[in-house]
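Coordinate analysis (summary)
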Amino acid sequence: MKRFEGRVAIVTGAAQGIGKAVALRLGQEGALVVAADINGKGAEATAKEIGGKSIGVATDIGDPASVTALHKAAVDKGGKLDVTVNVAAIVPFTPWDQLTFEEWRRIMRVNVDGLYLMCRASSDLMRKGGYGRIVNFCSNSIFAGTPNMAHYVASKGAVLSFTRALATELGGHKITVNSIAPGLTDTEGVQQTNHKNAFDFVEMLQAIKGRGTPADIVPAVAFLASEEAHWVTGQCLAVDAGMVRW
Ligand code: 4PL
């Protein structure tokens, strides 16, 4: 399928994991992808793998000036913005007894403030084009109350409810806003934390057995980012082999 021919898409967290897989798919389906990541070299490597006019941009989504520069780069290269997929987030492993206010703020700065800054800038551009698809990354941990990440779980609860509210704000401009809630997924990021030891536990709760990978998450993202998903907004779709149901 070539659902993104002529479309300009920003994907954050695009240097690795789910973000990289999403960026590659949108690129394969014809999008000019602006791959953004705190790891600028990794973002550029993803863009190079896509080829064409796609570019990589070093971005700290928690920094207003950095988010402004990212959106300027998208317009300079593509002339407009059609799709933003907000994958970038910090995924911590912090037992409650070690959870300081400083660590709480570190996660909120990126996972919540960063999402606000991205949606603020992206929606302002999409309104000019009279079209837009925003896909945010929630997590099924908000339903499971997953241990060792209370600040992360709180931040993803904000993603769920902010997505609902933003859908209302932007519906009149033909912009949809939805979220995806993956379960534990086998990525470079997860492999760097003790979350990697939880795969057997989550598999026990899944309706379909196996270990989730980025490739399992991508098709749902591509659907919500596509033109034909125009009648779906404000929703959260769990993509976790049926671990949680709502
Ligand atoms: C069930 O989003 O949803 C671990 C780490 N376990 O980041 C997550 C579950 C993790 C999750 C998540």
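- You'll find the protein entered in an unreviewed UniProt entry as Pyridoxal 4-dehydrogenase, with Hypericibacter adhaerens given as the organism.
- Comment text from UniProt for the protein, heading Sequence similarities (unreviewed entry), reads "Belongs to the short-chain dehydrogenases/reductases (SDR) family."

Examining the overall build of the protein
- For the protein, the count of helices and strands is nine helices and seven strands.
- Seen through its principal axes, the protein has C-alpha atoms that stretch 45 × 40 × 35 Å.
- Burial status across the protein gives 52% buried among its 246 residues.
- In the protein, 71% of the contacts between residues at least 6 apart in sequence involve partners at least 24 apart.
- Of the roughly 11,300 Å² that the protein leaves accessible, carbon and sulfur atoms contribute 55%.

Some words on the site of the ligand
- Lining the immediate environment of the ligand, one finds Val-91, Ser-139, Asn-140, Ser-141, Thr-146, Met-149, Tyr-152, Pro-182, Gly-183, Leu-184 and His-195.
- Residue Ser-141 places a main-chain N or O atom 3.5 Å away from an oxygen atom belonging to the ligand.
- In this structure, an oxygen atom belonging to the ligand sits 2.8 Å away from a side-chain N or O atom of Tyr-152.
- Contact with the protein chains removes 94% of the 300 Å² of surface that the ligand exposes when unbound.
- A class-by-class count of the residues in the shell around the ligand yields five nonpolar, six polar and no charged.

Some thoughts on the UniProt feature "domain: Ketoreductase" (unreviewed entry) in the protein
- Summarizing the sequence annotation, UniProt attributes the feature "domain: Ketoreductase" (unreviewed entry) to residues 7-183 in the numbering used throughout.
- Along residues 7-183 one finds 52% helix and 19% strand; the C-alpha atoms at either end are 29 Å apart.

Structural notes on the pairing of strand E5 (residues 132-137)
- Most of E5 is tucked away, with six of its six residues classed as buried.
- Burial of E5 is two-sided: the residues Gly-132, Ile-134 and Asn-136 facing one way and the residues Arg-133, Val-135 and Phe-137 facing the other way are all buried.
- Here strand E4 (residues 83-86) pairs with E5 via four bridges, running parallel. Along E5, the bridge assignment pairs Val-83 with Arg-133.
- In terms of handedness, the path from E4 via helix H4 (residues 101-129) over to E5 forms a crossover that is right-handed.

Quick notes on the rules
- Residues numbered from 1 in each chain as written.
- Predicted model: local features only at pLDDT ≥ 70, side-chain atom pairs only at ≥ 80, totals over all residues.
- Heavy atoms only, no water.
- UniProt positions renumbered as here; feature names shortened; annotations may be inferred.
- Helix = DSSP H or I, 4+ residues; strand = E, 2+ residues; numbered from the N terminus.
- Buried < 20%, exposed > 50% of the residue type's maximum accessible area, 1.4 Å probe, protein only.
- Contact = heavy atoms within 4.5 Å.
- Areas by Shrake-Rupley, 256 points an atom, 1.4 Å probe, with all protein chains shown as cover.
- Near = heavy atom within 4 Å.
- Polar contact = N/O pair within 3.5 Å; in protein donor to acceptor, adjacent residues only side chain to side chain.
- Nonpolar A, V, L, I, M, F, W, Y, C, P; charged D, E, K, R; others polar.
- Pairing = 2+ DSSP bridges.
- Right-handed = clockwise from strand over helix to strand, strands pointing away.

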